[in-house]
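Fold and geometry: a report
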Amino acid sequence: MTDLRPIGYWLKLVDQLINEQFATTLEEHGVTRRQWQLLGMLSRGPASVDQLTREVAPFLDPEGETVVEHLAELVESGWVTVSETGYAITDRGRIAYQRLAEVVSVNREAATEDVSPADYATTLATLERVARNLGWTGEPE
């Protein structure tokens, strides 16, 4: 009989492998995963630093990492602009984001190879249920 590993093991392992894959892929293009996430949010429209922080909060190192440091590099590269009301993606940033989206799509497809759409949907629904059972409300903290 096979000893099944607990859900925490698989969650940590998959999270680590996703992070490593993103780091390798995106670093080749001079972008961090947080910057990729921020570009994705800004591609949907301008946002304040508070809105952006709430969205990526689960991914930030609690030891002081902020979205501002990631945004600063995006502003410096000309991919994002900053104003009194917040941040917005530039045309140059949108083009870069679209190119990166193609690369990320290949990674996502590789990660779910041989996983049926039904199994993937079940996995996501199950993980959401587990999160809710543990107190997650679906609202930013």
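You'll find the structure just up there.
Overview of the structure. (Residues numbered from 1 in each chain as written. Predicted model: local features only at pLDDT ≥ 70, side-chain atom pairs only at ≥ 80, totals over all residues. Heavy atoms only, no water.)

Examining the packing of aromatic side chains
By the definition in use, this model includes two aromatic pairs. Ring geometry for Tyr 9 versus Trp 10: centroids 4.9 Å apart, planes at 85°, classification edge-to-face. Among the residues examined, Tyr 9 registers a relative accessible area of 33% and is labelled partly exposed. Ring geometry for Trp 36 and Tyr 97: centres 4.7 Å apart, planes at 25°, overall stacked. Of this pair, Trp 36 sits in helix H2 (residues 33-42) while Tyr 97 sits in helix H5 (residues 91-111); the two residues are 61 residues apart in sequence, bridging distant segments of the chain. The exposure classification of Trp 36 matches that of Tyr 97, with both residues buried. Between Arg 5 and the ring centre of Tyr 9, over which it is positioned, the NZ or CZ distance is 4.5 Å. Taking NZ or CZ as reference, Arg 33 lies 4.3 Å from the ring centre of Phe 22, over its face. (Phe/Tyr/Trp six-rings, centres within 6.5 Å; stacked < 30°, edge-to-face > 60°. Buried < 20%, exposed > 50% of the residue type's maximum accessible area, 1.4 Å probe, protein only. Helix = DSSP H or I, 4+ residues; strand = E, 2+ residues; numbered from the N terminus. Lys NZ or Arg CZ within 6 Å of the ring centre and 35° of its normal.)

Remarks on a nonpolar patch on the surface
A contiguous nonpolar patch, built from Ile 7, Leu 11 and Leu 127 and spanning about 240 Å² of accessible area, is present on the exposed surface. With respect to the helices and strands, the residue Leu 127 is situated in helix H6 (residues 117-133). Among the residues examined, Leu 127 registers a relative accessible area of 32% and is labelled partly exposed. (Patch = residues over 30% accessible without salt bridge, like charges linked within 9 Å, V, L, I, M, F, W, Y side chains within 5 Å. Areas by Shrake-Rupley, 256 points an atom, 1.4 Å probe, with all protein chains shown as cover. Salt bridge = Lys/Arg side-chain N within 4 Å of Asp/Glu carboxyl O.)

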